[in-house]
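Spelled out, the chains give:
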Amino acid sequence: MALHQNEVPVDAGVVRSLLNEQCPQWAGLSLSPAGAGTDNIMYRLGSDLLVRLPRTADKARSLRKEQEWLPRLAPLLTCPVPEPLHAGTPTNVYPLPWSIYRWIDGDEAQPGTVQDWSAFGTDLAAVVREVHRIDLMGATRTGDLSWYRGGHLRACDEWISRCLTDCRATVGGDIDVEALERLWREALARLEPSGPHVWLHGDLKPTNLLVRDGRLHAIIDFGGLSIGLPDAEHSTVWDLPPQARHAYWDAVGLDDLTWTRARAWAIAVGASGISYYWHTYPTFVAECLSRLQAILADAATR
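Now for a quick tour of the structure.

1. Brief notes about the packing of aromatic side chains
So, step 1. Throughout the structure, instances matching the rule amount to eleven aromatic pairs.
So, step 2. Centre to centre, the rings of Tyr148 and Trp159 are 5.2 Å apart; their planes meet at 75°, and the pair counts as edge-to-face. Of this pair, Tyr148 sits in the loop between α3 (117-133) and α4 (157-170) while Trp159 is found in helix α4, placing the two residues eleven residues apart along the sequence.
So, step 3. The class of Trp159 is partly exposed, set by a relative accessible area of 31%.
So, step 4. Among the aromatic residues, those joined into a cluster by ring pairs are Trp147, Tyr148, Trp159 and Trp265.
So, step 5. Here the basic side chain of Arg44 rests over the ring of Trp103, its NZ or CZ set 4.0 Å away from the ring centre.

Okay, here's the thing in structure tokens:
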């Protein structure tokens, strides 16, 4: 199902065409669907490769970013990250850039795959600290590295307020949108951060955290890679069980102000996801709703 306007349709025949034209050495390998997110459609190629195809021209910018920066960031991280192997070019069949990566074995982080959520939260915190300590290597918060989640909350206020209004009309009977807006306003009333910019993964939700043998193994999908303030990086911990969230808090050593802003970013991502994907992506909407419910339950205990 198309999720965006101007989405480029993709199927196995399109992928075969691209491989035959640009990667004949891999064209004879088996091909099977490997999932689809909000930005990309994926196919597993053979046993060792992954093909990623952006849904729209705007989403294609993230592939170029990964191709440029992941080879430079990977040696500085202790956990595996995607390894770009081929930078595909547009064709008449598929008019966007695309990419082939080395396949990383692992399962998404969820109750059936993680053995110890407290240990998982601690391990995730260690990865985040690593990412944030990497030298910027001359990169600045410009162009493709200036994603909104590394900026200030107030810049998003008009947009997120509209999304919260949409949520009142759609899920208002299932969740306390007024309480969420109060938490959002509380964060906006605080002083904006002025600390140094760091590298940000940008979207450390469970689907981008691969588990092996019950422990965090790899981080994937660096499409949200940016330079900016670290607050929003912590927002995805509300997608994890409380044990993981609290262990993460303790390991990173977040102060209450940073936690308040991270929570506001989590509200922003959840509300905007419900607003944008309400009619097209019910599974993603359910994830956003679950995140907002976790925020409210957590706020009631603090």
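2. Concerning the sheet that holds strand β8 (residues 209-212)
So, step 1. As summarised here, the arrangement of the three strands in space is β6-β8-β9, forming an open sheet in which the pairing is antiparallel. Both edges of this open sheet fall to β6 (107-108) and β9 (215-219), since each of them pairs with a single strand only.
So, step 2. Where β6 lies against β8, two bridges are found, and the strand directions are antiparallel. Considered in β8, the bridge of Glu108 is made with Leu210.
So, step 3. Running at roughly 30° to β9, α3 makes contact with β8 and β9 of the sheet.

3. Observations concerning the side chain of Thr236
So, step 1. The topology assignment puts Thr236 in the loop between β10 (226-228) and α6 (242-252).
So, step 2. When near neighbours in sequence (up to four residues on either side) are disregarded, Thr236 contacts Asp203, Leu204 and Lys205.

4. Considering the nonpolar core
So, step 1. Counting residues in hydrophobic clusters, the biggest one holds 70 residues, and the most contacted among them are Phe120, Trp184 and Trp199.
So, step 2. Here the element with the most residues in this core is helix α7 (residues 256-277); it accounts for ten residues.
So, step 3. For Trp184, the contacting residues outside a window of four places in its chain are Leu153, Cys156, Asp157, Ile160, Ser161, Leu164, Ala264, Ile267 and Ala268.
So, step 4. Of all hydrophobic cores here, the second largest spans 20 residues; its members include Val8, Leu18, Val51 and Leu53.

5. A word on the sheet that holds strand β1 (residues 31-36)
So, step 1. Spatially, β1-β2-β3-β5-β4 is the arrangement adopted by the five strands of the open sheet, whose pairing is antiparallel. The two strands at the open ends of the sheet, each matched to only one other strand, are β1 and β4 (84-88). Strand-to-strand twist in this sheet, taken as the mean axis angle between neighbours without regard to direction, amounts to 25°.
So, step 2. For strand β3 (residues 49-54) and strand β5 (residues 98-102), the ladder comprises four bridges, and the chain directions are antiparallel. Bridging from a neighbouring strand, Leu50 pairs with Tyr101 of β5.
So, step 3. Relative to β5, helix α1 (residues 12-22) is tilted by about 80°, and along the sheet it contacts β1, β2 (40-45), β3, β4 and β5.
So, step 4. This element, helix α2 (residues 57-73), spans β2, β3, β4 and β5 of the sheet and lies at about 45° to β5.

6. So, the pairing of β8
So, step 1. One ladder, built from four bridges, connects β8 with β9; its direction is antiparallel. In the sheet register, Leu209 faces β9, and the bridge partner there is Ile219.
So, step 2. Where β8 hands over to β9, the hairpin turn is made up of two residues, of which Asp213 adopts a positive phi near 55°.

Thresholds, definitions, all that
Residues numbered from 1 in each chain as written. Predicted model: local features only at pLDDT ≥ 70, side-chain atom pairs only at ≥ 80, totals over all residues. Heavy atoms only, no water. Phe/Tyr/Trp six-rings, centres within 6.5 Å; stacked < 30°, edge-to-face > 60°. Helix = DSSP H or I, 4+ residues; strand = E, 2+ residues; numbered from the N terminus. Buried < 20%, exposed > 50% of the residue type's maximum accessible area, 1.4 Å probe, protein only. Lys NZ or Arg CZ within 6 Å of the ring centre and 35° of its normal. Pairing = 2+ DSSP bridges. Contact = heavy atoms within 4.5 Å. Axes fitted to C-alpha atoms, helices over the stretch in contact; angles between N-to-C directions. Core = buried A, V, L, I, M, F, W, Y, C linked by side-chain atoms within 4.5 Å.

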